[in-house]
Amino acid sequence: MKGRFISACGVSVFLAGCSGLQSSQSVVNPEGLQAARIDHLFWLMFWVCTIAFVITIAALSRAVLRKRETPVENFRPVDRAEATKTRVVAVAIAITVLSLFGLLVSSILTGKAIASLHPQNPLTIEVVGHQWWWEIRYPNSDASKTVITANEIHVPVGTPVVMNSTSRDVIHSFWAPNIHGKRDLIPGYQTALWFQADKEGTYRGQCAEFCGHQHAHMAFFLVAETPEKFNAWLQQQRTSAKDPQDAAAQKGQQFFLSHTCVMCHTVRGTIAGSNVGPDLTHLASRQTIAAGTLPNNPGNLGGWIINSQSIKPGNRMPPNQMNSDDLQSLLTYLETLK
Ligand code: HEC
Ligand SMILES: [Cu+2]
């Protein structure tokens, strides 16, 4: 379809300049039950409005271009022609009211249908909005099996997911258009959103409620994969970080644990246990850093650590002074956090 084609072009042009990650962010390319309902409603509204627009412009052009038949002096409001016109206007008003009412009803029905998709045994995830990144949790009754990550949500395809969400600071809005509509994350208040991804793929999402300076750099990726791949991922994320073996990485770990990093970040299996910033236990397994701002590679990580303020001005991580030896070993260490 044309819409798909245009959105696919838009996405690939955007990604060519940006993260290099293959993903899709499009309202007209639904890959889940809920997004499909929203897509139907969108096209219904689109065509009804298009037809109304064409008819209105045609009637208007006709009125503007037509020569006046009766001179103004001889004008009689009770002319037969005038009575016909009154009828035409009345019919037009009736059609308008009926179409608007029809759209209202279909919008309510779509809302209800989406809200009633609450199947048994969903996968539960928790999403917490922060200025300007997403904390993602996979809770487990055994606390040691709870997974905490950032900006990258993995879900198994064909499985219903319930997302409990809230915010730590201001109102954010969670929006992955291929999967569902928008959902506001409100501080001190928890909301649940149900969704299901039906096709494997990586779907880009974006904060959709202006939340301050770096709102535009608050993206996330939703990775829908086979249940086998998903379970393997979850198992891997449950493990604590292993102590590094080679000397450079050990030096990097020492640096990390003896500097300010531990005041804001967690690396499970070490003394670093703060959650001001993203959990770094499996940093190297993520495709991007800083909420989709940059691809995750050593060059970008280095630039981020030295001065993240030049990349994402105003974000909550301060710049760090260090010599290039220390930076190299720190990067070697961070690369071991698979
Ligand atoms: C004052 C708190 C603070 C300190 C200190 C701090 N960070 Fe951060 N860090 C953050 C925050 C907040 C973010 C998320 C920024 C964003 O995306 O908006 C972040 C992001 C990161 C990221 C990207 C993670 C991701 O998945 O996007 C890395 C890597 C990182 N920090 C490493 C470090 C290292 C290494 C140090 C020590 C040299 C350090 N940080 C010190 C708060 C801090
Ligand atoms: Cu925002």
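Predicted model, so just to flag it, every value in this text is computed and none were measured.

Draft legend 1. Layout of the packing of helix H5 (residues 247–258) against helix H7 (residues 324–335). The interhelical angle for the contact between H5 and H7, taken along N-to-C directions, is 100°, at an axis separation of 7 Å. One finds that H5 runs roughly perpendicular with respect to H7. Between H5, through Ala248, Ala249, Lys251, Gly252, Gln253, Phe255 and Phe256, and H7, the contact on the second element is made entirely by Asp325, Asp326, Ser329, Leu330, Thr332, Tyr333 and Leu334. Looking at side-chain class alone, the contact of H5 with H7 contains 7 nonpolar, 4 polar and 3 charged residues.

Draft legend 2. Examining the site of ligand 1 more closely. Around ligand 1 sit 26 residues, and of these Cys261, Cys264, His265, Ala290 and Met317 come closest. Side-chain polar atom of Arg286 to an oxygen atom of ligand 1: 2.9 Å apart, as the coordinates give it. One of the side-chain N or O atoms of Lys312 is found 2.9 Å from an oxygen atom in ligand 1. Its residues placed into classes, the shell around ligand 1 shows 17 nonpolar, 6 polar and 3 charged. Split by domain, the residues of the shell around ligand 1 number at least three in each of domain 2 (123–238) and domain 3 (247–335).

Draft legend 3. Local environment of the domain arrangement of the protein chain. Domain boundaries in the protein chain define domain 1 (32–115), domain 2 (123–238) and domain 3 (247–335). The straight-line distance from the C-alpha centre of domain 1 to that of domain 2 is 41 Å. Each partner contributes to the interface: domain 1 provides 6 residues, whereas domain 2 provides 10 residues. A buried area of about 540 Å², summed over both sides, lies between domain 1 and domain 2, and 55% of it is on carbon and sulfur atoms.

Draft legend 4. Quick peek at the sheet that holds strand S6 (residues 172–175). Strand order in the open sheet formed by 5 strands is S4-S10-S9-S6-S7, and the pairing between neighbours is mixed. Edge positions in the sheet fall to strand S4 (152–156) and strand S7 (183–185), since each of these pairs with one other strand and no more. Neighbour to neighbour, the strand axes of the sheet diverge by 25° on average, direction disregarded. Running at roughly 135° to S4, helix H4 (residues 227–238) makes contact with S4 and strand S10 (219–225) of the sheet.

Draft legend 5. Representation of the coordination of the iron atom of ligand 1 in the model. Here the iron atom of ligand 1 is held by the protein donor atoms His265 (NE2) and Met317 (SD), which lie 2.0 to 2.1 Å from it. Here the iron atom of ligand 1 is ringed by 6 donor atoms whose angles at the metal span 86 to 179°, and the overall shape comes out octahedral. With His265 in the loop between H5 and strand S11 (288–289) and Met317 in the loop between helix H6 (298–307) and H7, the pair connects residues that are 52 residues apart, well separated along the chain.

Draft legend 6. Representation of the coordination of the copper ion (ligand 2) in the model. Within the first shell, the copper ion (ligand 2) binds the protein through Cys207 (SG), Glu209 (O), Cys211 (SG) and His215 (ND1), at distances of 2.0 to 2.6 Å. Relative to the metal, the 4 donor atoms surrounding the copper ion (ligand 2) lie at angles of 89 to 128°, and the coordination shape comes out tetrahedral. Between consecutive donors of the copper ion (ligand 2), the numbers of intervening residues give the motif C-x1-E-x1-C-x3-H.

Draft legend 7. A look at the sheet that holds strand S5 (residues 161–167). Overall, mixed pairing links the 5 strands, which are arranged S3-S2-S1-S5-S8 in an open sheet. Looking at the sheet topology across the chains shown, the edges are occupied by strand S3 (147–150) and strand S8 (191–195). Across this sheet, the average inter-strand angle for adjacent strands is 25°, counted without regard to direction. As judged from the 5 bridges shared by strand S1 (residues 123–130) and strand S2 (residues 133–138), these two strands associate in the antiparallel manner.

Draft legend 8. Seen up close, the pairing of S2. Of all 6 residues that make up S2, 5 are buried, and the element is covered over most of its length. Counted between consecutive antiparallel strands, the loop separating S1 from S2 contains 2 residues. With 4 bridges joining them, S2 and S3 adopt antiparallel strand pairing. Within S3, the position partnered with Ile136 by the bridge is Thr149.

Draft legend 9. Quick peek at the nonpolar core. Of all hydrophobic cores here, the largest spans 30 residues; its most connected members are Ile125, Val127, Trp134, Tyr138, Ile153, Phe174 and Phe195. Mapped onto this core, the elements with two or more residues apiece are S1, S2, S4, S5, S8, strand S9 (201–207), S10 and H4. Leaving out residues up to four positions away in the same chain, Tyr138 has contacts with Leu123, Thr124, Ile125, Lys145, Thr146, Val147, Thr149, Ile153, His154, Phe230, Trp233 and Leu234. Counting 24 residues, the second-largest nonpolar core is a separate cluster that includes Ala241, Phe255, Phe256 and Leu283.

Draft legend 10. Focus on helix H2 (residues 33–65). In this model H2 runs 48 Å from its N-terminal to its C-terminal C-alpha over 33 residues, within 8% of the 48 Å that 1.5 Å per residue would give. Of all the residues in H2, the buried ones are Gln34, Ala35, Asp39 and Leu41.

Quick notes on the rules
- Residues numbered from 1 in each chain as written.
- Chains lettered and ligands numbered in written order.
- Predicted model: local features only at pLDDT ≥ 70, side-chain atom pairs only at ≥ 80, totals over all residues.
- Heavy atoms only, no water.
- Axes fitted to C-alpha atoms, helices over the stretch in contact; angles between N-to-C directions.
- Helix = DSSP H or I, 4+ residues; strand = E, 2+ residues; numbered from the N terminus.
- Parallel < 35°, antiparallel > 145°, perpendicular 65-115°, else oblique.
- Contact = heavy atoms within 4.5 Å.
- Nonpolar A, V, L, I, M, F, W, Y, C, P; charged D, E, K, R; others polar.
- Near = heavy atom within 4 Å.
- Polar contact = N/O pair within 3.5 Å; in protein donor to acceptor, adjacent residues only side chain to side chain.
- Domains from an automatic or database assignment.
- Buried area = accessible area lost by both parts, 1.4 Å probe.
- Pairing = 2+ DSSP bridges.
- Donors = N, O, S within 2.8 Å, 3.2 Å for Na, K, Ca; no water.
- Tetrahedral: all angles 85-135°; square planar, octahedral: opposite > 155°, others 65-115°.
- Buried < 20%, exposed > 50% of the residue type's maximum accessible area, 1.4 Å probe, protein only.
- Core = buried A, V, L, I, M, F, W, Y, C linked by side-chain atoms within 4.5 Å.
- Expected span 1.5 Å × (residues − 1).

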